[in-house]
Amino acid sequence: MEEEKSTASNVARAIAAMMDWSSSSETRNAALSYLESIKAGDIRSLAGTSFILVRKDWSSEIRLHAFKMLQVPPVPLFLPVVIIIILLTVCVQHLVRLRWEELNSGERRDFANAALSLISEMAIPCEEWALKSQTAALIAEIVRKEGVNLWQELLPSLVSLSNTGPIQAELVSMLLRWLPEDITVHNEDLEGERRRLLLRGLTESLPEIFPLLYTLLERHFGAALSEAGRQQLDSAKQHAATVTATLNAVNAYADWAPLPDLAKYGLIHGCGVLLSSPDFRLHACEYFKLVSQRKRPVDASVSEFDSAMNSIFQIMMNISREFLHRSTSASGVINETELEFAVIVCESMVSLGSTNLQCISGNSTLLPLFLQQMLGYFQHFKFALHFHSSGFWLALMRELVSKPKVIHAASGDNSDSSGPCSGQVDKKGILRFIEDEICGAILDISFQRLIKREKVSHETALSLGKLELWSDEFDGKGEFSHYRSKLLELIRFIASHKPFLAAARIFERIDTIIKCLLHAAVPSQELPIMESMQPALELVASTIFDGSSEHVGGSSEVQLAVCQIFEGLLQQLLSLKWSDPALAEVLGHYLQAFGPYLKIVPDAAGVVINKLFELLTSLPITLKDPSADRSRHARLQICASFINIAKSADKSLLPHMKGMADTMAYLQSEGRLLRAEHNLLGEAFLVMATSAGIQQQQEVLVWLLEPLSKQWTQIEWQNAYLSDPTGLVRLCSDTSFMWSLFHTVTLFERALKRSGIRKGNLNVQLGSVPNTSSMLPHPMAPHLSWMLPPLLRLLRALHALWSPPITQGLPGELKAALSMSDVEQASLLGEGNPKVSKGSVTFKDESVIDMNNEGCAVLNEIDIRNWLKGIRDSGYNVLGLSSTIGDAFFNCLESQAFAPALVENIQSMEFRHIKQLVHLVLIPLIKYSPLDFWGEWLEKLLHPILLHSQQALSCSWSNLLREGRAKVPDIKGNLGKSDLKVEVMEEMILRGLSREICSLLSVLASPGLNYGLPSVDQIGQTSQAEMSSIKDLDAFASNSLIGFLLKHRGIAVPALQICIEAFSWTDGEAVTKVVAFCASVILLAISTNNIELRQYVAKDLFSAIIQGLSLESNAFASTDLVGLCREIFVYLADRDPAPRQVLLSLPCITPHDLLAFEEALVKTSSPKEQKQHMKSLLLSATGNKLKALAAQKSTNVITNVTARTRHSGSALEVSAEEGDVLGLAAIT
């Protein structure tokens, strides 16, 4: 005992030194080292010392630290003192959990008694809450370890102790809180049967626990009020602390204990009473927030559950009624405390409605009142309340209006348990209460809130009164775009349910906005409100008119009425004479929203087209006036509106194609239509032609492309600008021709994207013809022969700019243009890019270029960079899209011209550009390359790309893993960024290329390109005798792309090396992609007699996969990787010694272990069981060091426990794969 006291004094001095910030770092480190040695030493000495220090004779800091010594495992000594103190405070891995087994049964009992005696020590008025909480947590942990018997012994004494006084009652409540939280949630080491026994014991004790908790609430709430009335404030605070602790305990049972029991023993009623107390209502409301989320059981207790939930509905509705009445009154002022409480009440109401609406769906009195209150929250001027309630209305309308899904439920499962209307609910009965008044109010509020507060003018903000709009200052509400999309989805559901009402309300709203805008002194200030309504109009129109009469109630009268409303709105829009660019742009967006309406009322298409052309020609086209930028942007947007209308109006625009073409020709002849605008209108023609069929597309393409072919195919400009490295320098001085080339390439891209057969029209045009590609030529096929050769020359010249000898001789602005743009840097850093709204032009960079710089005599760095990027992006897309056409593409080009244009300067290309080249060109080309062209095309392309990529990735990953810097070629010079930002950008670029190259390998291994390769199942069914007649690798070269590639060493070596290295990249996504390629290589090694390939798989690949499993980043792919290991060993171990050698080289395996593993494999033919054996062997053979296989145990929360005895046969069986404790979890 004296020794323990001496040790305690030393520990106390060490704690004091460590907590004293005036101590030197050496002193604190020495103190920390001493404390760690005590915690890691003899557990009996540690326990005795700690129990001495937690007594009240010591300071609170030392006592609290002593508790932590009882609870915290040893921590690394190398951590800073501040971090260690944080760990001491928050660590949940208790010493009792880790070292409890070192004590014998008698010592455990003494330990438990000593811990219980601490309750009396803590039962003093001035004791700190943290120490009392630690005492309760320690006892709860001991109960977890000792089990049900100790708990049953403790419970009567705890009940008696709670009657002693408020402080003792508070400690008992803390214990009653910690115990269920540890058992039902914090269960890292509480597994299987022991957990079930503890939970069962706790559940069986609920008839004693719940009355105790109710008694404590009732007794100490009344005492707190009484003492406060007598001005005995210290005593009142003690009783109030007990009430708070009891509420916290009640909340620990709210989300799992049987709901009927919570009602039976008065806890629902008791917490309901406390909702009226300003001091306790937040804690009480948290209880209802938890219990409101409980799901209806499927057993015989449904009626009891519904009865209890009905009571909860009534309690929360009473509170809501009072709040809504008070807050919406003339003097309704809500302070922060009131709002905080109201938000929790609203969240509880949302949970009730979203999870348990079926409990009141048959109550014709309660249900409409509940819906009215939820509408009150949705209409509330406080945004937080509106925001939370919107989730309920969206979920409710989605389930009521959406078509029911066909679900084949298992026997005994009578319903889907998710959603407001889950269970046996009459949806039509609920819809009866969703009347026009509710739907109209939701629409009105949604329309009002489709705009951010920052965009509203001061005058408009005053007119809104107290209504809070979305603001970027709100915390925890996500992005405005997400919120707006939810509002729009809600509008869509209501428009589907009440089409006439939705049409009428949106007409009223837009009519009001237009009138305000017309009378506004500064119309541009009111424009954002009108812009905010365009997505709503587009959505309502598409919901009502897409799908014809089904969405307009199936009634011709309703459809006629809705059409009349839209006709009136269209006429009003057509009558507007707006020539201001911003107003004209918005009006164009509004007209495009009528596309679905035009599909039903095609006669109106002509006036809409004429109005759009009127808007287009009303805006100036001045090229060199910077003030005309806004006008030119608006013109592009109006042209884009033609495309959007063509998409949604279907065939309604076909009769107007000739008139549109004549108008375009006239405007071009007058010089009033720019090339970018012509491209957009041409794209609209292609969209229209798609609905008419292939022949119409061919005619439109001839009309669009043939005028360009003469200039595009002229050899003079190619020789002048593309024949030598300085040609592009000269081209940059010829700005007019430079932009002309740009628009030509982008038009090719648009033509390829828009032409062909729509999936929806395939059956209509082809019937049941199986091979469509051979029956109908692609409409773009005749144009490829003249389109692509000049484009390849242009791309070849562009790629050469990055070659160091050429780069050094470039002019300053052109050299600067080769660097990364600010927009690209911001994208890599996640700092956000300018987002394009739905109604905006959606093409790349062309809008920026046309809007600002076309026609300028002198270009700057930004102009040239945009031009280069546009040519590269569109050029790559043209090649990739052309390759999907098939034979026509490969027959019109020679690989000798194609490959150099793309890969001649591959070693000078930046990672981002290689990624683009692979994604946009190479992958489509591989997918659609005919078998006859593999030898001629793929070897010329794949060899340089894979060879350079392997070398570059290997170097950059080595730099990243060793030095923390990837050092990619994309980052040059001074970017004006911090070192950290440069590192982030480099790593993002490196990971992007790594994943793209692995995607390329995955495509090479796709089943469609390897139809001759046997599957694992086929190999598994092959007998050993048949395996003796394995084939030569050449046998797979003509029916498997992987077989073809492995025959060509120049392609195979870098590809196989990438596979090996990918497993060490710490990039799980790349590994996931490369797995398919590895699997195909393994199949070929199994199916062929190629010794070199077999040795690669059996040794190099097998070792690399096992090494890859040591990285936690590969956890997502771990199942696939174990499967690959199993295939290698099962099918190659008898043919090559390497698999056994690799396993025996692992640090913790013996020959006996390997023999036992092989015997286990022989005993089962199940691949799943064999994989489990392989997983277990790898874990044991590496000493549980394979982090990817470490059991990632998610927090397992128990809910809906019932008090009924369950049959033992109903217990869930845990599979071997899921139940075993594996990996790091087994040793920590």
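That block above? That's the structure.
Residues numbered from 1 in each chain as written. Predicted model: local features only at pLDDT ≥ 70, side-chain atom pairs only at ≥ 80, totals over all residues. Heavy atoms only, no water.

(A) Layout of the pattern of salt bridges. In total, this model carries 39 salt bridges according to the counting rule given. Measuring nitrogen to oxygen at the nearest pair gives 2.5 Å for the salt bridge that ties E904 to R796. Residue E904 is found in the loop between α47 (895-903) and α48 (911-928), and its partner R796 is found in helix α40 (residues 784-800); the two are separated by 108 residues along the sequence. Residues D1067 and R995 are paired through a salt bridge, measuring 3.0 Å at the closest nitrogen-oxygen approach. (Salt bridge = Lys/Arg side-chain N within 4 Å of Asp/Glu carboxyl O. Helix = DSSP H or I, 4+ residues; strand = E, 2+ residues; numbered from the N terminus.)

(B) Up close: the nonpolar core. Grouped together as the largest cluster of nonpolar side chains are 371 residues, with contacts concentrated most on Y253, W393, F566, F898 and L1143. Looking at which element gives the most residues to this core, the answer is helix α55 (residues 1068-1087), with 12 residues. (Core = buried A, V, L, I, M, F, W, Y, C linked by side-chain atoms within 4.5 Å. Buried < 20%, exposed > 50% of the residue type's maximum accessible area, 1.4 Å probe, protein only.)

(C) Empty space enclosed by the protein, seen in detail. According to the stated counting rule, one finds four cavities of 30 Å³ or more in the structure shown. Here the largest cavity defines a volume of roughly 40 Å³. Around the largest cavity sit F898, L902, V903, L917, V921, L922, L941 and I945, which together line it. Taken together, the residues of the lining of the largest cavity sort by class into eight nonpolar, no polar and no charged. Taken together, domain 4 (715-757 + 779-810 + 859-908) and domain 5 (915-1089) each give at least three residues to the lining of the largest cavity, which thus spans both. (1 Å grid on protein atoms, 1.4 Å probe; cavity = no way out; pocket = protein on both sides within 12 Å on 5 of 7 lines; lining within 4 Å. Points joined across faces, edges and corners; volume = space filled by probe spheres on them. Nonpolar A, V, L, I, M, F, W, Y, C, P; charged D, E, K, R; others polar. Domains from an automatic or database assignment.)

(D) Broad picture of the side chain of E347. The topology assignment puts E347 in helix α18 (residues 336-356). Overall, E347 belongs to the buried group, its relative accessible area being 18%. Setting aside anything within four residues of it in sequence, one finds E347 in contact with K289 and H388. (Contact = heavy atoms within 4.5 Å.)

(E) Structural context of the packing of aromatic side chains. Going through the model one piece at a time under the given rule, you end up with 38 aromatic pairs. Centre to centre, the rings of F889 and W937 are 5.8 Å apart; their planes meet at 45°, and the pair counts as tilted. Remark: W937 occurs in helix α49 (residues 934-963) and F889 occurs in helix α46 (residues 887-892); sequence separation between them is 48 residues. In this structure W937 comes out as buried when scored by relative accessible area, which is 1%. Summarising the aromatic geometry, the rings of F890 and W937 are spaced 5.1 Å apart at their centres and angled 80° between planes, so their arrangement reads as edge-to-face. Taken together, the residues F890 in helix α46 and W937 in helix α49 connect sequence positions 47 residues apart. Among the residues examined, F890 registers a relative accessible area of 1% and is labelled buried. Members of the aromatic cluster, joined through ring pairs, are W712, W717, Y721, F737, F748 and W786. Positioned over the ring face of F341 is R281, at 4.5 Å from the centre of the ring. (Phe/Tyr/Trp six-rings, centres within 6.5 Å; stacked < 30°, edge-to-face > 60°. Lys NZ or Arg CZ within 6 Å of the ring centre and 35° of its normal.)

Worth remembering: the numbers are spatial, not functional.
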